[in-house]
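Descriptive structure summary
Residues per chain are reported as follows:
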Amino acid sequence: MSIHGLSWLLPLPPAIELRGVGLSHSGPPPVTALSPVDLTVGHGELVTVTGPAGSGKTTLLNVIGLLGRPTTGRYRLNGIDTALLGDRDAAALRGRQIGFVFQRPQLLLSRSVADNVSLALLYRGLRAQRRQRRAMDMLDRVGIAGLAGALAGQLSAGERQLAAIARALAGGPSLLLCDEPTASLDPGTTDRIIDLLSAVHRDGGTVLIVTRDPLLADCGTRSFGLGADLLADRAMSPGR
Amino acid sequence: MSRRIAEPTRMRARDVIGEAAAVIAARPLRSALTGLGTVLAVAGFVAVLGLSSTAAGQVTSAFNQRLATEVRITVTHSGQLAAGGPFPPDTQRRLDALHGVVVAGMYWRLTIASPSVLPARPAGAPDRTARPTGSPPALVAATPGFLAAVGAQLSQGRLFGTWDQARAEPSCLLGAGAARRLGVTSVSHQPAVMIGGLPCTVVGIISHVRGQPWVIGSVLMPSTTAIAIWDSPPDSPGAEPGVLVRTRPGAAQLVARQAPLAISPDDPARYAVTVPPSPARLGSQVASILTGLFLTLAGISLLVGAASIANVMLLALAERTAEIGLRRALGARRRHIAAQILVESALLGLLGGIAGTSLGVIAVVLIAIARDWTPVIAPLTVLPAPLIGAAAGLVAGLCPSWRAVRIEPAEAMSAYPAT
């Protein structure tokens, strides 16, 4: 809020600014999960990230979403150097400003759909009633309000992903991170998800979508290819 | 960093409990099996403590009812022949001075030549009542202190008191049994009985006494009357005098030791003292050793119960990794995860504790019923018992929660399938 409030005074820092950010596991054997990348995403952009399997798309998303720390480079989120963030601040940013749509819906199958969506507001200290109301609004927005009382385990794959998107949107994030949200879904649901994500972008949200679906890749303002360097690197140094 | 990045996330205490309860409720069978050890341990605690207090209560109630506060002092054969009579005149005063004595009184058997006791009839009236058969009722001289010590309760009339005693009135009390034999049903018209040929007014009928059932079958008269009118002092041969002492609860043993010395410091051996049996000390010692043993066993099973909770929760972490990663992604701090795991295990322990307490109480009641006892369970045993389970659960949750907060969210999201 403070950042947007001062935007008339200061040049607004980019939403995401990666400089040489990479992640490798020390092993043994040492594994490079993400080769160093440079990426800048402005506020309100919808950027799709493409690349072959193993190029580090999910790792990149985890780093941007503060779920994992890069081992090299510098990552600024809204101008804040994330290397300096402790557990408290990282959790606060994840809970209040970042929405996640994972490759798998990651629903709690023994809980109701509404409970799953309201989980996004659990760590804001809101009363249960308010959380449930917000969850109902979100389920209405993604078009599965009728399933609110059903157990998440009873939903089809497409319905689960829609519930997961409702959960991601429930917190009103300024940055939405999606990891292959349409993978292995039927075309109807895919269209619906593309519409929902485009709507977030139209409303001014910053959206980053990792995808191999060309239909989804085309709907962004910009596409960022990952893995070309990696392949080039590998081509140049086959011994590694 | 001086600038506040974003308002920290927080979790309401009610939500921590709610989330923990939801996890437990989602798998009721597993939760029940996990808490089983705690159930048995707490049930053991409650049952052992409840049974020992029930058994102890049983001993004291049976004991208190009759004998615990009664001391009877009689004279040995040699004492009967001692100079100065069996009891000194100020016996009552000496006993009253003893600590723990509530009331004391003397009694003895009347030794008159013709101990017949007959119902009196108005002069000239035809003898319509049947003559009592068998041996006549015992004739007993008693001080008012004896009546108080024996706890005499009247069905009719009054007791004789210091007035009768001082004036050596020819009045008497009938035990309910003696009154029935003599055909005396009411004292409202001052009936009389003939004792050794002399008339004696019946002032009351005794219906109940404590500890000395023979009083019910006897005729009692003031001790002064026995001496003045019937010339039957306590030191006459065959009088078998005695003193009955009512003590405060718990003082009987002490009074029994001190009374002979107080009455006759120079020759306490002339008295025989009948005391209530002291509480079964050996029995209670054995019981306390057993109680300690069983409590130790219950403590060990509580450890096993806690270990079982810890074990199951550690194993469950493997399949809950994705859930924990998800919660972290949604804004949970490490401490929120730790709190949830701790509350989960404490809640499991608490539920086990409540179930165990119920089982323990049921066991105590059933055993008490089977043995015809009154179940005695101290609230101090029952009320904290579920908390023992909760505490065990809390301790059991330490290790799982420590492990849970070390799960890296990124790995959690990628390494495991959806929950």
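Residues numbered from 1 in each chain as written. Chains lettered and ligands numbered in written order. Predicted model: local features only at pLDDT ≥ 70, side-chain atom pairs only at ≥ 80, totals over all residues.

**Quick look at the overall build of chain A**
Just so we agree on the cut-off: Strands here are runs of E lasting at least two residues and helices are runs of H or I lasting at least four, both read from the DSSP assignment and numbered beginning at the N terminus. Two residues qualify as being in contact provided that their C-beta atoms, derived from the backbone, are within 7 Å of each other.
Tallying secondary structure elements over chain A gives 9 helices and 9 strands in all. Counting contacts in chain A only where the partners sit at least 6 residues apart, residues at least 24 apart contribute 72% of the total.

**Some remarks on the overall build of chain B**
Counting its secondary structure elements, chain B contains 15 helices and 11 strands. Residue pairs at least 24 apart in sequence account for 86% of intrachain contacts in chain B once pairs closer than 6 positions are excluded.

**So, the nonpolar core**
For soluble globular proteins, the rule of thumb is that nonpolar side chains tend to be buried together. Definition in use: Take the buried Ala, Val, Leu, Ile, Met, Phe, Trp, Tyr and Cys residues, join any whose C-beta atoms are within 7 Å, and the set you get is a nonpolar core. Residues are called buried when their C-beta atom has 20 or more other C-beta atoms within 10 Å, exposed when it has 12 or fewer, and partly exposed otherwise; all C-beta atoms are positioned from the backbone.
Of all hydrophobic cores here, the largest spans 122 residues; its most connected members are Val 117, Leu 139, Ala 163, Ile 165 and Ala 166 of chain A. Contact partners of Ile 165 of chain A, with chain neighbours within four places excluded, come to Val 101, Val 142, Pro 181, Ile 193 and Leu 196 of chain A. Counting residues in hydrophobic clusters, the runner-up holds 55 residues, among them Val 140, Val 203, Ala 251 and Ile 263 of chain B.

**Quick look at the confidence of the model for chain B**
Residue and element names in this part refer to chain B. Rules: The pLDDT value tells you how sure the predictor is about a given residue, anywhere from 0 up to 100.
Per-residue confidence for chain B averages 82 on the pLDDT scale, and 85% of its residues sit at or above 70. pLDDT under 50 marks residues 415-419. Its contacts with residues more than four places away, or in other chains, come to 14 contacts. Confidence metrics for the complex model read pTM 0.65 and ipTM 0.88.

**Quick word on the sheet that holds strand β2 (residues 31-41) of chain A**
Residue and element names in this part refer to chain A. Cut-off, in case you're wondering: For two strands to count as paired, DSSP must find a minimum of two bridges between them. Here, axes are lines fitted to C-alpha atoms. For helices the fit covers the stretch in contact, and angles between N-to-C directions go from 0 to 180 degrees.
Across the sheet, 4 strands lie side by side as β2-β1-β4-β5; this open sheet has antiparallel pairing. Each end of this open sheet is capped by a strand with a single partner; those strands are β2 and β5 (80-81). When strand β1 (residues 16-25) meets β2, the two strands line up antiparallel, connected through 7 bridges. Within β2, the residue paired with Leu 18 across the bridge is Leu 39. Running over the sheet, helix α2 (residues 57-64) touches β1, β2 and β4 (72-77) and is turned about 60° from β2.

**Details of the interface of chain B and chain A**
This is how the line gets drawn: All amino acids are sorted into three groups, where Ala, Val, Leu, Ile, Met, Phe, Trp, Tyr, Cys and Pro are nonpolar, Asp, Glu, Lys and Arg are charged, and the leftover types, Gly among them, are polar.
Contact with chain B, which involves 30 residues of that partner, is made by 34 residues of chain A. Of the residues in the side of chain B that touches chain A, the class split is 17 nonpolar, 5 polar and 8 charged.

**Some remarks on the environment of Gly 393 of chain B**
Within the fold, Gly 393 of chain B resides in helix α13 (residues 385-396). Setting aside anything within four residues of it in sequence, one finds Gly 393 of chain B in contact with Thr 38, Ile 309, Ser 345, Ala 346, Leu 347, Leu 348, Gly 349 and Leu 350 of chain B.

**Details of helix α1 (residues 13-26) of chain B**
Rule in force here: To estimate the expected span of a helix, count its residues, drop one, and scale the result by 1.5 Å.
Its 14 residues place the ends of α1 of chain B 20 Å apart at the C-alpha level, agreeing with the 20 Å of an ideal helix rising 1.5 Å per residue. For α1 of chain B, the full list of buried residues reads Asp 15, Glu 19, Ala 20, Val 23 and Ile 24 of chain B.

**So, the sheet that holds strand β8 (residues 206-210) of chain A**
Residue and element names in this part refer to chain A. Strand order across the open sheet formed by 5 strands is β6-β7-β8-β3-β9, with parallel pairing between neighbours. The sheet is open, and its two edges are formed by β6 (98-101) and β9 (222-225), each paired on a single side. Ignoring which end each strand starts from, the neighbouring axes of this sheet average 15° apart. In the sheet, strand β3 (residues 46-50) pairs with β9 via 4 bridges, with the strands oriented parallel. Of the residues in β9, the one forming a bridge with Thr 48 is Ser 223. Strand contacts of helix α7 (residues 187-202): β3, β7 (175-179) and β8, with the helix running at about 150° to β8, the strand carrying the most contacts.

**Examining the packing of helix α5 (residues 128-142) of chain A against helix α6 (residues 157-170) of chain A**
Residue and element names in this part refer to chain A. The cut-off we apply is this: Orientation is classified from the angle alone, with under 35 degrees giving roughly parallel, over 145 giving roughly antiparallel, 65 to 115 giving roughly perpendicular, and any other angle giving oblique. If you view the pair so one helix is near and one far, a crossing is left-handed when the near helix is turned anticlockwise from the far one by less than a right angle, and right-handed when it is turned clockwise.
At a minimum axis distance of 9 Å, the contact between α5 and α6 shows a crossing angle of 130°. Of the possible angle classes, the one that applies to α5 and α6 is oblique. Judged by the sense of rotation from one axis to the other, the crossing of α5 with α6 is right-handed. Counting all contacts with α5, which are made through Arg 134, Ala 135, Met 138, Leu 139, Arg 141 and Val 142, the residues of α6 involved are Leu 162, Ile 165, Ala 166, Leu 169 and Ala 170.

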